[in-house]
Protein chains: 2
Amino acid sequence: MNKKLKLQQLKRDSVASFKEKEKFPIIVILDNIRSLNNIGSFFRTCDAFNVEELILTGICAKPPHREIQKTALGAHQSVAWQYFETTEDAVKYVRTKNYKVYAVEQAETVIQLQNFATNKEKTAVVFGNEVDGVQDAIINLSDGVLEIPQFGTKHSLNVSVCGGAVLWELTKQLIK
Amino acid sequence: MNKKLKLQQLKRDSVASFKEKEKFPIIVILDNIRSLNNIGSFFRTCDAFNVEELILTGICAKPPHREIQKTALGAHQSVAWQYFETTEDAVKYVRTKNYKVYAVEQAETVIQLQNFATNKEKTAVVFGNEVDGVQDAIINLSDGVLEIPQFGTKHSLNVSVCGGAVLWELTKQLIK
């Protein structure tokens, strides 16, 4: 008889112990994400995958915000985050911390996600606006573009779902 | 100078050609998912990852539904789907097609996702309700439980984001 774990069996960190814990060398940059649900969802994903920092830029709304908190379910308090007016400034900032920068997009020149090896280097990933994607200027500032191969009629995964795929791939490479 | 691809450069299938195309041997079962956004999002993810079939059960709303279609962005027309009153019936159905069944959960006995090898076998994955998760009865009917390791304060990824991580992992194993 196998059973779901109860909340108290999950060995979850408190916010205080999580903040002190060493993070995975992953930074997430959200380039002008419009949806509050998507922003809240990225907070939860960054909490789950022990991400170093979540960076919001441009039109992204910031906590405290009721709608973000509704989706983040408290993760806005555990995940380190900051806001930059421009995504260019966010890229400059992460470079000062020796992170390589990869835009998640479908572009002329890409690395398909199944072929991407972080070699456990510090890796920042940029996710773009729901309609416009990552700005071309940011693509050109990046060290490379990661593409999630898609095989259907839309080629348009929801950006939070992209986050799940890409951040799982990076996390997996760190824990394997 | 690297540039985002324009829509017409994405080589997307038409609905007709997608329907005729051989699918990946993956079936997604949604066990009583409440949110219309999550259901719509799974349609998009199943379209992107060329999934054999999406199965809705219990309280899941079904297309045609305005809110599902708003999130699915048309993928409800390309992805093969059906509805079962109970998740048990969905499990029985996929077994008749020789699929193995894995619940995505945090449970007493699990296979961590980084250790899961499909060996390209037919694989059905069950995602559970936003609050209650996958039913214990379904966990016990399954061939195994897949856990996405989580390292934070919540241990509660959004179910669509879980879908991104798990379906990317399965897809990657099929294309690599």
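The structure contained in this document is the topic of the report that follows.

Procedures and definitions
- Residues numbered from 1 in each chain as written.
- Chains lettered and ligands numbered in written order.
- Predicted model: local features only at pLDDT ≥ 70, side-chain atom pairs only at ≥ 80, totals over all residues.
- Helix = DSSP H or I, 4+ residues; strand = E, 2+ residues; numbered from the N terminus.
- Rg over C-alpha atoms; globule rule 2.2 N^0.38 Å.
- Buried ≥ 20, exposed ≤ 12 C-beta atoms within 10 Å, placed from the backbone.
- Contact = placed C-beta atoms within 7 Å.
- Pairing = 2+ DSSP bridges.
- Axes fitted to C-alpha atoms, helices over the stretch in contact; angles between N-to-C directions.
- Expected span 1.5 Å × (residues − 1).
- Nonpolar A, V, L, I, M, F, W, Y, C, P; charged D, E, K, R; others polar.
- Least-squares fit on C-alpha atoms with pLDDT ≥ 70 in both.
- Parallel < 35°, antiparallel > 145°, perpendicular 65-115°, else oblique.
- Left-handed = near helix turned anticlockwise from the far one by under 90°.
- Right-handed = clockwise from strand over helix to strand, strands pointing away.

### Describing the overall build of chain A
Logical step 1: The helix and strand tally for chain A stands at seven helices and seven strands.
Logical step 2: In sequence order, chain A lays out its α and β elements as α-β-α-β-α-α-β-α-β-β-β-α-β-α.
Logical step 3: Here the C-alpha radius of gyration of chain A, 16 Å, is about what a compact globule of 176 residues would show, namely 16 Å.
Logical step 4: The principal-axis extent of the C-alpha atoms belonging to chain A is close to 50 × 40 × 35 Å.
Logical step 5: Considering chain A as a whole, with its 176 residues, one finds that 52% of them fall into the buried category.
Logical step 6: Taking contacts inside chain A between residues at least 6 apart in sequence as the whole, the part at least 24 apart equals 79%.

### So, the sheet that holds strand β3 (residues 81-84) of chain A
Residue and element names in this part refer to chain A.
Logical step 1: The strand order across the open sheet formed by seven strands is β3-β2-β1-β6-β4-β7-β5, and the pairing between neighbours is parallel. Strand pairing shows two members of the sheet lacking a second neighbour, β3 and β5 (111-112), which therefore form its edges.
Logical step 2: Pairing between β5 and strand β7 (residues 144-147): two bridges, direction parallel. In the sheet register, Ile 111 faces β7, and the bridge partner there is Leu 146.
Logical step 3: The sheet strands contacting helix α7 (residues 159-175) are β1 (24-31), β4 (100-104), β6 (123-128) and β7, and the helix crosses β6 at an angle near 170°.

### Remarks on the sheet that holds strand β1 (residues 24-31) of chain B
Residues and elements named next belong to chain B.
Logical step 1: Here we have seven strands laid out as an open sheet, ordered β3-β2-β1-β6-β4-β7-β5, and parallel in their pairing. Two strands close off the open sheet at either side, each with one partner strand: β3 (81-84) and β5 (111-112).
Logical step 2: In this structure, strand β4 (residues 100-104) lies alongside strand β7 (residues 144-147), joined through three bridges in parallel fashion. Of the residues in β7, the one forming a bridge with Ala 103 is Val 145.
Logical step 3: Across the sheet, helix α5 (residues 87-96) is in contact with β1, β2 (51-57), β3, β4 and β6 (123-128); its angle to β1 comes to roughly 170°.

### A look at helix α7 (residues 159-175) of chain B
Logical step 1: Between the first and last C-alpha of α7(B) there are 24 Å, a value that for 17 residues agrees with the 24 Å anticipated at 1.5 Å per step.
Logical step 2: With respect to burial, α7(B) is a largely interior element, 13 of its 17 residues being buried.

### Regarding the interface of chain A and chain B
Interfaces are often sized by the amount of accessible area the parts lose when they come together.
Logical step 1: Of the residues lining the interface, 55 residues belong to chain A; the matching set on chain B comes to 55 residues.
Logical step 2: Broken down by secondary-structure element, the contributors of at least two residues to the side of chain A that touches chain B are α1 (15-20), α2 (36-48), α4 (75-78), α6 (136-141) and α7 of chain A.
Logical step 3: Top contributing element to the side of chain A that touches chain B by residue count: α7(A), with ten residues.
Logical step 4: Partitioning the side of chain A that touches chain B into residue classes produces 21 nonpolar, 21 polar and 13 charged.

### Overview of the relation of the copies chain A and chain B
Logical step 1: Superposing chain A onto chain B takes a rotation of 180° combined with a translation of 0.0 Å along the rotation axis, leaving an RMSD of 0.0 Å. This pairing of chains is accounted for by a two-fold axis.
Logical step 2: Of all interface residues in chain A, 100% are interface residues in chain B too; the two copies therefore contact each other through one and the same surface.

### Here's the deal with the packing of α7(A) against α7(B)
Logical step 1: Following both chains from N to C, one finds α7(A) and α7(B) inclined at 50°, their axes separated by 7 Å at the closest point. The orientation of α7(A) relative to α7(B) falls into the category oblique. Viewed along their axes, α7(A) and α7(B) form a crossing whose handedness is right-handed. Of the residues in α7(B), those in contact with Ser160(A), Val161(A), Cys162(A), Gly163(A), Gly164(A), Ala165(A), Trp168(A) and Glu169(A) of α7(A) are Ser160(B), Val161(B), Cys162(B), Gly163(B), Gly164(B), Ala165(B), Trp168(B) and Glu169(B).

### Thoughts on the pairing of β2(B)
All names here are of chain B.
Logical step 1: In terms of burial, β2 is largely enclosed, as seven of its seven residues are buried.
Logical step 2: Bridge analysis of β1 against β2 gives six bridges, and the strand direction is parallel. Its bridge partner being in β2, Ile 27 is matched across the sheet by Glu 53.
Logical step 3: Of the crossover connections in this fold, the one passing from β1 over helix α2 (residues 36-48) to the parallel β2 is right-handed.
Logical step 4: Taken together, the four bridges between β2 and β3 define a ladder with parallel strand orientation. Note that in β3 the partner of Ile 55 across the bridge is Gln 82.

### A word on the pairing of β6(A)
Residues and elements named next belong to chain A.
Logical step 1: When you tally the buried positions in β6, you get six out of six residues, the bulk of the element.
Logical step 2: With burial as the criterion, each face of β6 is covered, one bearing Thr 123, Val 125 and Phe 127 and the other bearing Ala 124, Val 126 and Gly 128.
Logical step 3: Across six bridges, β1 lies against β6 in parallel orientation. Opposite Ile 27, over in β6, you have Ala 124 as the bridge partner.
Logical step 4: Note: β4 against β6, four bridges, orientation parallel. Note on β6: the bridge partner recorded for Val 101 is Ala 124.

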